[in-house]
Amino acid sequence: MNYHTAVLLLLAVLLEQGGAATSFTLKVGSDTISATNRNYITTSTATTSVTFTCDINADSNPGLHGYKLSTDGWNEIKGTWSSSQPNLVTKLQWTQVQSSDVPFSCFISDANGDNLEPSPQYTLDVVSITPGHREVKSGTETKLTCLVENHQDAVTFAWTNAASSTVSSGVSSETGITSNKQKSVLTVTPTADTTYTCEVIGKNTWNTIKTVVNVKVFTVTMADPEVLLNAAATFSCVVAGASSEPTITWEDSSSNAVTSGVSKTSFVGSSGTITGTLEISALTAHATYTCNVKSGEYTDSPASDTVATAWPFSVVATASYVIVHTGVASSFECTGTGKDTSKIAWEVPSSVSIDGSKTETGEHNSLKSIYPFKSSTAGLGATVTCALTYDTDKVVKQVIRLDVVTVSMSADEGKMTDEETTFTCTHTAGSVTPDVKFYNGATAITSGASKASATAWNLKISKDTFGKNTLKCTVTYKEKTSRTDDFSDTSIFYVREVMSVPDAKEYVHYGEGITLTCDWKVDTPDDTYTATAWTAGGSAVSTGTATVSTKDTGDQIQMVYKKANADLTKKSGDTYKCAVTMTTKDDLEATTALMIHWIEPLTSNAFEINTETFTCKYSGSTAPVFTWKVGSTTVSDGTTYGIAQEGAWDTTDYMEDSVLTFKDSLVSIKDVTTIECGIGFATNSDTISSSIKLHHRWMSAYSQKTYALGGQIVLSCTMNYGQNGVATTDVTWTGISSSVASSKYTIDKGSNDDGERTTTLTFPDTNDINIDSTYTCEFSFDDTADLDSYKQTIEVVVRLAAVTPTAGILDYTGSDWELTCTFTGGEDPQGVWWFKDGSTTKLTENANNYAMTYSSKVGKLKKTSLSIADTGNYTCRFDMANQNNYEPTDTKSVFVVRVESASETTYTIGAEVLLTCSSSFGSSAVAGTAPSSASWTAPSGGTQTIDKTTGIKWVQKIRITSPVVGNAGKYTCVYNYPNSKTLKSEITLYTRLAQSEDNIFAREGDAKVDLECTLLGSETENADGATWTTGSTIITTGGDYSITTTAKKTVLSIANPTHAERDGEYTCKFDFTSQSSFSPTSVITLDVVSVEVEDVWVLIGYQGDPFKCTVKNGASEPTDYTFSDGTTTWTKDATANKATTSKTWSSSIFEASLVVDNTYCTKEETKTITCTVKYGTQSVTKTAKLKCFHTRFVVTSTTNKALKGQDTVIFTNKVISVQEPAKHNFESSAFGENYVIETGTWDAGTHSVTDKLTLTKPNADVTFSCVSSDSNSDGTDEKSIAYTLDVVEVISSTTPVLASATTQMTCTVANVKSDTNPTSATVLWNSATHTSSLSGKVLTFTSPSTDKDMMVTCRFKWDGAADEASTESQVDSTVQVDVVQIVDVNVGTVVGSPITYICDMTNSLVQPTAVNIVVGSDTYATASGTASFTKHTTTQSTAEKAVSSLSADTTYKCQFVFGTINTVEKSDNLAELLSLSFAKSWTDLGDDSLAMKCMVTDFKGSNHYTADLFPLENIKFGDGTNTWENQYANTFTDQT
C-alpha cells in the first residue's frame, strides 16, 4: 500500500464516524450564504477568482475539517482551532476554470478524525457570458449583444464605453430566447474602433461578471461611374481598415444577387484594404448596384451596403444642319443621356446671339436642350457644338453646321397708274449658285427680271390698275446634298389714282371763308401717310384748319382746306397747294389759284358830335365801284354829305378808298342808326359791303367811398349801353399803387350781358396802407376814344391794427411779456381796448396783473409772472368814434411752455441708446399752442420719433441702435413753434467702445495669430485692464495664449492656431471697475483655415493639370483669390495670360484652380506659384512649384522598405515626354537574384509609357534609376534620380512565454537606410491591436495572459521623403508566440524517505537549452549535470532531481531556459512531508472480515491529503510477508 491509498482509507473511516456538535457559516467576502434561501454562488467560465470562506464553530479541536467537492482546480487554506477562538475558518480558492455547476459542502470530524459532519450543500453556479462583437462600415448603426447563459438570477445589464462612462441610450433587452438565457442589446453607430464593457449584475455583489465587446469599423467608398452609352462601366467598391479579409457581394437595384463580372483584389492586411470590382459590359441605361461588405473576423456582424449608380452619356443633335435667315429666330436642339445633374453645354460662335433663354428639360435618360438664337451676320459653314461632360474631364460632343443667309428686297414704293419703277433683290452668295425668282402674290413674274450682279437681281414693273401688289423675291439655296432651302423677302408696290383736285374760284369775299378739296384713291389701310400740308404762295399757311377724311369706300385720301374768314391782306389772289407725305414714296400733291375781293370794316371813334368822317377801304383783284347809305337812304356827294375817292385802283397796288363826311351840322349823330359802304364791280356781278351802328351809353358805381380794416373789400362799376347798342370791348382800373403787388388783388372785367357790363376790383387782404387810394374804372368801345364820361372814381380809406411781436409770444413759465398794438392809417383813434380768447368783456387794468397804456396811435398790454394758464388769444380794438363797423382789430396768441430732458448726461458702450425730452404747453384747444415741428441736433446717426398722443405734451426721442464713436457729443432737443420761437434742451452722450475686426482669418501652420481690441471713445479716461473670454472660459496668459494690454489696447496672441482647437468667438472687455456696467466689449470670430497646395508638372507645349489651392474649414466663402508666378498675376474666374482660373465652394471647402494653356511652358524650368485667398481685406497664402518639363519620371510604389527575404515590392515608372522615347527601362548595378522588368506601350493620348519593376524577397538594398532615350534632343538620354528599396530586418524576443502569465517582449528593426528611426509602430496580437511603445528602433510590449499559442505582428512605419517613391513605408514581421505550460507537479514523502523533485513543461515548440530546479538557495541545473532531462517529446520536456530526504514542506522553482531569448519559470511547486498512521482499532465488517483504516496526514498537521496535490496511484497493505493491493473496504472519498 502506498501513502496515497492509506490516507484515503483513513479519511473514509473518519467520515463514517460521528463528530461533535457544529455550526457552519459560508461566506463570500463579507456576505453570508444562507443554505435556506441561497445555495449557490455565481462565477464565470472565464474567471477563477472566487474564494469561499467556511466559518465552522466547534466545541473542541476537530481532527479534520475542509471541503467536499468532486472536481479539480482548487486550493484550501485552513484555519487553526483554539479554546479561546473556537471558530475554524477554512477558505476554498478556485485555481482552474470550471465548465459546469459544482456542488460542494464543508465538513468537520472529531479529534480522532472520525464522525465527519457535513454542512448543507452549496453550489458554484457557473455561467457563461458571450459578447456579440461587431465589425461594420463606419457610421452604420449596429447592435452589440451580451448573452448570459445558466445564470440563476434575473440579472440586470450595465454598459460602459471605452472611457468607462455609462451608456444608457440605445440599450434594450431581447425577448423570446430560452429560459436559461438572458440577453442585452446595445445599438450604436460607430465611426472608429472601440470597445464596450457589458456588466451582468445578479442579486449580490459577488454575482457580478463582465465581458468586453469589441467594435471595429472599416470604410467603404464607391464612385458613380460615368461612361459613354453602350460602353463598359466598372464599379469599384474600395474597403479600407478591415481587420481581416471581408466578404464582398453585389446586388442590383431589385436586390438580386449579381455574380457575373465580379472580381476583387488581394487583401492587404497592413492597411485592411481590398477592392471589389463589378464590370458591366455595355451600359444602355443608368444602373444602380449595391456593394455589400461583411466582416471576415466577426462573422455575426451584419453586411454593410454602399450604393453607386452608373450613368451612360451620349448626345445627339436633332438636326445636324441648320440654315437660317439673318435676324430670324431659330434654335438648335440636342438630346442626350447623362446623370441626374447633367446639363447639355453649347459652344456657339460669336456671330450667333442667344434669343431668350435656353430650355432644359428631361432627366438623366431623356435630356433635351434647346438653344434659341438669332444671327445678324451672314456666312456659311459655321459650327455649333452641343456637349456633355462625363467622368470629370471627358466630353462627348455633336457638331451642327450652321449657314446664315440674307435675302433682301429694296424698299416699298408707290406710283400712279402706268408709272414704271425698279425693285432690286440682293442675297448672300452660296458655294452653289442659288436660283432667284420673282412673284406678285402667288403668281410668278415672267418678264422684267434681270441679273444685276452675282448677288443682285432687278425687276422693272408698272401697273395700269389701282391697288396693292406684294412682290416677293425667292432665293433657293442648294448647299446640302439632296436638300434645298428657300428664303425670300417682299416689297410692296402701291398703285394710286387721282380722283379730284380743287376747283378754281374767281373770287373770295371777306368773311366768306375758303373751302378747297384734294382727293386721291389709295389702298387703305396699308398705303398710309405721315403728314399733310397746305401752302399758299409757296409758304405754309399758318391759319385755317387742314383735315384728312376717309370716304365710305375706304380707299381714298381727301384733304379739305377750310378758313372761316379768308386772309385778305393780299392785294390779289394766291396759289394754294395740297400735299400728302406718304409712308411709302412717292408723295401726292395738287394746286389751285384764287381771286380775292376785300373791304375793310367801317369804324367810328367819336360820338355826340356832328362832324365825323367814315373811310371805306378796298383791296382786291378787280376795280371797285363805291355806294354809300345813311340809314336806308343812298347818299351822294353834296352839301349834306361829302364823298371822295382816294388812291385809285390800279394793277400796281390793287387798292382804292372812298371817304364819307357829314357836312351839315344840323345832322345829329343820335338820329343816325346805320352807315353802310357798298362795292360793286363793272366786270362781274359780285358785291361786297360794310356797315356800322351807333348808340347812347351811361355808367354807375356801387359806392364812391369805403373803409378797409385789413379784411377783404370789393370795388364795383357798371356800364349800360342798351340792348341794341354796341357792346364794350374792354375795361381797365387805375389808381393801384405800384407798392401793391399784383398777387394782392384781383380784377374781374366782367362780360357784356343784356346791354350792360359790370367790373370789380377785389383786395382779399387789406393789411397794407398802400391800398389807401382813389381808384378809377374805365370802359372801352371800338367806336370811341377815351372820354371822361366812360370813367368812375371810388375812394378807399385804410384803418389797420397790428399787435407785436408779430410772431406772438413764446416763453417759459414765470417770465414776463408785453403786447403792443399799433394803428396804421391817416386818422387818429380815440383809444384802444383789449380782449382775451374771443370774449366780449374788456380786460381791465390791474386785474390779473395786467397793465395798459395808450398814446399816439399805440396801445400796450403788460403781464407779469406767466403761467401755463396764461396761454391764450389776445385781441386789441381801436375806438373810431362810434363807427363800430369800421374799428380795426388784431389778435395774437401767447404760448407758455416748458421744455425738459430725461437726463443731462449718459454713457454708451455700444448698446442701444434712447435719449428723450418733452415739451409741455397750455392747451391743445388754442390754435398754434402746440409746436409746429420738433427735431434733434445730433452729432450723427440715430432714429428720431415724436409722440404726439398726449394733447398738451410732445415727447421727442432719438434711438441709436448701434452706437459708434462719432455718435458722442451734445444732443439738442429742439421745438419750433408757429411764431418762429424755438426752445431747446441739451443731453451730453459719452461713448466708450471696444473696436476690433469682426472676423480674423488665420492659417493652420502659422506661428501665431493676434486678436486686437482698441478702446475708443469720447472721453480720455483709461481702462483699469482688459479681460478675454471664449464661451464661458476666461483666458489667461499661459500655454498657447499670451495677453498684452496697454491703456487703450489689448492683444490676445494665440500660438500655433488650429481649426479644431481655436475656431470660435473671442470677446475682449475693457474693465472700468468704478463703472462696471459701462465696460465695453467686442466680439471677434476667429476662423482658422488650412491651405493645401501640391506641385504640378506641365509638359512643354501642352495644357497643364489644374494647380489646385484648397482651403478647408472656412466659415464662409472667400471673396477673392489670385495666382502669381512672380511675373504674371491671374485674377479670379478669368481666362487671360495663358491660363484659366476657376473655383468651387462646398461644405466649408474652397478650391481655386489654375490651368495653364499649351503656350505657357516653353522650356524646362521651375516656377513658384503663390496662391492668395482673400476674405475681405484679409488673406492667406501658400506656395508650390509648377515644373515645366520635356521628360518626367513618375516613380511610385506602395512602400520604400521591405522585410529581408520576405516581402515583394513593385515599382512603377511612368515616363511622360513630348515625344515617344526610343527606349525606356530601369537601370541598377545590382537588382538582386529575383527581379522582373516589364516595359509598357506608348500612349499617345497621355504622352506616356509605364514600366514596372518587381523585386521578390530581396536580401539586400536595391538602388536603381529610370532611363529614357534623348526625347528633348539635347544629345543625351534622360535619367531619373536614384531610388532605393531599403531592405531591413526585425529581431523579435517573443517566444516562448508561460501560459496565463504576462511577459515583456520586444521587436527591434535593424539595417535601416540612413539609420532612420520609424515614425510609428504597432503590435497586432492575433490581428487585434495591442498596447505597445516605440523608443528609437525598439518596440516594447507585454504579452496578454493566455494558454494558447498566438501570432504576433510587429508593424513599423516610416514617412516617405520627397525623393522616395512612396509617401510612407511599412514592414510587418509576424512570428508565432510559443505559449508553454509548466505542469503543477506536487510531490510528497514520509519522514526519512527520499524524494524526487519534478519539473514538467508541455506545449513547447522547441527544446529548452537548460532546465534549472531551484530549491531554496540550491540550484540544480542541467548545465552542471546535476539535473537531467528524463524525457523530451515534440511538445513536452521533463526534468527530475532526487534528494535523500525531506525535513519539511518545501516549495521549489522550475526554470526552463531558451538560450538568450527567454526563460519561463514557475515557483509554487510543492514538496510535502506526510505522516502515515493506522487507526487504533479494527473494524468488524460483519462477514468474518476485519478492516484496518490507515490515515495519511501532513507532518505539521496544517494540511490534509488532497487528491489534487497527490493523484491516487495505488493503495497497498503489507504485513512484512504479504502485500495486499486494490482490496478496498470502502470507496474513496474526495480527500480520504
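Above this text is the structure in question.
**Student:** Break down the sheet that holds strand S111 (residues 1328-1330) for me, citing the residues and quoting the values.
**Tutor:** Taken in spatial order, the four strands line up as S111-S110-S114-S115 in an open sheet, and their pairing is antiparallel. Each edge of the open sheet carries a strand with a single partner, namely S111 and strand S115 (1368-1377). For this sheet the average axis-to-axis angle between neighbouring strands, irrespective of direction, equals 30 degrees. Relative to strand S114 (residues 1350-1359), strand S110 (residues 1320-1325) is paired through six bridges, and the arrangement is antiparallel. Within S114, the residue paired with Ala-1321 across the bridge is Phe-1356.

**Student:** Which residues make up unusual backbone geometry, and what are the values?
**Tutor:** Here the residue pair Lys-585 and Asp-586 is connected by a cis peptide bond, since its omega of 10 degrees sits within 30 degrees of zero. Relative to the assigned elements, Asp-586 resides in the loop between strand S49 (574-582) and strand S50 (588-594). The phi angle at Asp-1133 is positive, at roughly 50 degrees, despite the residue not being glycine. Within the element layout of this structure, Asp-1133 appears in the loop between strand S93 (1129-1130) and strand S94 (1135-1136). Residue Asp-1133 is classed as partly exposed on the basis of its relative accessible area, which comes to 41%. Backbone geometry places Ser-1314, a non-glycine residue, at a positive phi of 60 degrees. Mapped onto the fold, Ser-1314 is located in the loop between strand S109 (1304-1310) and S110.

**Student:** Break down the pattern of salt bridges for me, with residues and values.
**Tutor:** Pairs can form between side chains of opposite charge once their charged atoms are near each other. Inspection of the entire model under this criterion finds 42 salt bridges. Residue Arg-1003 pairs with Asp-1006 through a salt bridge whose shortest N-O separation is 3.5 Å. Given the relative accessible area of 23%, Asp-1006 is considered partly exposed. With its nearest N and O atoms 3.7 Å apart, the salt bridge here joins Glu-1165 to Lys-1167. Bridged by salt links that share partners, the residues Arg-401, Asp-403 and Glu-479 form one connected network.

**Student:** Requested: an account of the pairing of strand S16 (residues 181-188), with residues and values cited.
**Tutor:** S16 sits mainly inside the fold: six of its eight residues count as buried. Sheet analysis places strand S12 (residues 142-149) next to S16, joined by eight bridges and oriented antiparallel. By the bridge assignment for S16, Leu-147 is matched with Lys-183. Judged from the three bridges that link them, strand S15 (residues 171-173) and S16 form a sheet pairing that is antiparallel.

**Student:** Provide a residue-level description of the sheet that holds strand S65 (residues 773-780), including the pertinent values.
**Tutor:** What the four strands build is an open sheet, ordered S60-S66-S65-S62; its pairing is mixed. Of all strands in the sheet, those with a lone pairing partner are strand S60 (705-708) and strand S62 (730-734), marking the two edges. Strand-to-strand twist in this sheet, taken as the mean axis angle between neighbours without regard to direction, amounts to 25 degrees. In this structure, S65 lies alongside strand S66 (residues 791-798), joined through six bridges in antiparallel fashion. Following the sheet pairing, Thr-776 is matched in S66 by Thr-793.

**Student:** Describe the state of the cysteines, naming the residues involved and giving the relevant values.
**Tutor:** Summed over the entire model, instances satisfying the criterion amount to 15 disulfides. Paired through a disulfide, Cys-425 and Cys-473 show a sulfur-sulfur distance of 1.9 Å. Here the S-S torsion is close to -70 degrees, and the disulfide linking Cys-425 with Cys-473 is therefore left-handed. Of the two residues, Cys-425 sits in strand S37 (residues 420-427) while Cys-473 sits in strand S42 (residues 467-480), which places them 48 residues apart along the sequence. Given the relative accessible area of 0%, Cys-425 is considered buried.

Rules used throughout
- Residues numbered from 1 in each chain as written.
- Predicted model: local features only at pLDDT ≥ 70, side-chain atom pairs only at ≥ 80, totals over all residues.
- Heavy atoms only, no water.
- Pairing = 2+ DSSP bridges.
- Helix = DSSP H or I, 4+ residues; strand = E, 2+ residues; numbered from the N terminus.
- Axes fitted to C-alpha atoms, helices over the stretch in contact; angles between N-to-C directions.
- Buried < 20%, exposed > 50% of the residue type's maximum accessible area, 1.4 Å probe, protein only.
- Salt bridge = Lys/Arg side-chain N within 4 Å of Asp/Glu carboxyl O.
- Disulfide = S-S within 2.5 Å.

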